[in-house]
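Coordinates in review
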Amino acid sequence: MLATFALSFLAVVSLTFSQNIYPDVWHAIIDEATVGNKRVFVTGDVHGNLRPFMTLMQQANLLSPDGNTIADDAIVITCGDLVHRGPQSLEFVRLIRDTPNLYAVRGNNDDKQMLLRTDEWTKRATEKDWAFMKQLPYTIRVPSYNSTIVHAGLLPGKRLQDNTVFEMTSMRNIIKDEDCNWEATDDTKWGYNWAERWNGNMHIFFGHNARRGVDADGNPLVNFYGNATGLDTNCGKGVALSGVFMPVTETPKVYSTPCPKPKKTKKPKMFRK
Ligand SMILES: [Mn+2]
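About the cut-offs
- Residues numbered from 1 in each chain as written.
- Predicted model: local features only at pLDDT ≥ 70, side-chain atom pairs only at ≥ 80, totals over all residues.
- Core = buried A, V, L, I, M, F, W, Y, C linked by C-beta atoms within 7 Å.
- Buried ≥ 20, exposed ≤ 12 C-beta atoms within 10 Å, placed from the backbone.
- Contact = placed C-beta atoms within 7 Å.
- Pairing = 2+ DSSP bridges.
- Helix = DSSP H or I, 4+ residues; strand = E, 2+ residues; numbered from the N terminus.
- Arc of directions from axis to C-beta.

Within soluble globular proteins, side chains that are nonpolar generally end up buried alongside one another. By size, the foremost hydrophobic cluster in this structure holds 60 residues, and its most contacted members are Val42, Ile77, Cys79, Val105, Ile149, Val150 and Phe206. The contacts of Cys79, once residues within four sequence positions are left out, are Val42, Thr43, Gly44, Asp45, Val105, Ile149, His151, Phe205, Phe206, Gly207 and Leu231.

Next comes the structure, spelled out in structure tokens:
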């Protein structure tokens, strides 16, 4: 496990020096003028499942009259891991690129594919596609709803702009270090679920946590915490894609649509677990 981590870390570091994947704007804002009276909807990790995404949009009445794009009176934000596993990763990235009212933050799998380009779709991606992916922000703030969308999470007690790439794209739990400060881990065996300890005044919408997004019977489970909402219901591995409207109320309505089981893809050895 440590060796695996060290190897993947080395690979990421060496590639980072040869390839800059970082956006000009890490923390984007959809301002109050842009939101206006529009409905704002947030979805979990799509992982290249374009069809379930469109079905979810239809279910939540978010499609334009011709059914091809997002309705003018809506804003949809998807919380990262746009690609990898599903059959239409590139098509989903292009849909986001070409739809002004469809936004996305980046996830660990988006970063990984930008660096390693091991998926089949990466062979078809053009410079224009890579340029678009490179500019995906790590967070999107929506002041109208005092909310922030991030792929994995934000470290409790830390200022938004001080969060590291690992914290924003890969954290699941937090543990106290020797100085009693929170430290992020992507493991769920130790420490606490960061979202349960989140004490910020912004509501956080996040994904990346499929292990907690499926109940004991295998059904999708959107997690509502004190001031955070976990939306990853494991669409990537054939459970469901879920989403909610802002703001999260006392009795939130969850929209969910089933996702197909992915075909087995060849993983580079260093990421096999
Ligand atoms: Mn993820």
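Within the open sheet, the 6 strands sit side by side as 1-5-6-10-12-11. Their pairing is mixed. Only two strands of the sheet have a single partner each, and these edge strands are strand 1 (27–29) and strand 11 (223–224). Of the strand pairs in this sheet, strand 1 and strand 5 (residues 139–142) are connected by 3 bridges, and their pairing is parallel. Each residue of the ladder has a partner; that of Ala28, found in strand 5, is Ile140.

On to helix 4 (residues 89–98). Among all positions in helix 4, only Ser89, Leu90, Phe92, Val93 and Leu95 are buried. Where helix 4 is buried, its residues contact helix 3 (50–59), strand 4 (102–104) and helix 6 (127–134).

This paragraph deals with the sheet that holds strand 9 (residues 192–193). The strand order 8-7-9 describes an open sheet built from 3 strands, whose pairing is antiparallel. Whereas interior strands pair on both sides, the edge strands pair on one side only; in this sheet they are strand 8 (182–185) and strand 9. Of the pairings in the sheet, the one linking strand 7 (residues 173–176) to strand 8 comprises 4 bridges and is antiparallel in character. Paired with Ile174 across the bridge in strand 8 is Ala184.

Glancing now at the pairing of strand 6 (residues 147–150). Residues Ser147 and Ile149 of strand 6 are buried on one face, and the alternating residues Thr148 and Val150, pointing to the opposite face, are buried as well. The antiparallel pairing of strand 5 with strand 6 creates a hairpin that spans 4 residues between the two strands, and Asn146 there sits at a positive phi of about 45°. Looking at chain direction, strand 6 and strand 10 (residues 203–206) are connected through 4 bridges and run parallel. Within strand 10, the residue paired with Ile149 across the bridge is Phe205.

Pro52, Phe53, Leu56 and Met57 are the residues of helix 3 that are buried. Taken end-on, helix 3 shows its buried residues confined to a sector of 145°, consistent with a single buried face. The first or second residue beyond helix 3 is Asn61, which carries a positive phi of 55°.

Side-chain alternation along strand 10 places His203 and Phe205 on one buried face and Ile204 and Phe206 on a second face that is also buried. Alignment of strand 10 against strand 12 (residues 228–230), held across 3 bridges, turns out to be parallel. Directly across from Phe206, in strand 12, lies its bridge partner Gly230.

This part covers the environment of Glu167. With respect to the helices, strands and loops of the structure, Glu167 is situated in helix 7 (residues 165–170). Along the chain, Glu167 and Asn101 lie 66 residues apart, while their C-alpha atoms are 27 Å from each other.

To continue, consider unusual backbone geometry. Residue Pro247 follows Met246 across a cis peptide bond; omega there is -10°. In this fold, Pro247 is placed in the loop between strand 13 (240–245) and strand 14 (255–258). Even without being a glycine, Asn61 presents a positive backbone phi close to 55°. Checked against the element boundaries, Asn61 lands in the loop between helix 3 and strand 3 (74–78). Its 11 C-beta neighbours within 10 Å are what place Asn61 among the exposed residues. Of note in this structure, Arg85 is not a glycine but carries a positive phi near 90°. Within the fold, Arg85 resides in the loop between strand 3 and helix 4. Judged by C-beta crowding, with 23 C-beta atoms within 10 Å, Arg85 ranks as buried.

Functional significance is not addressed by these values, which are geometric in nature.
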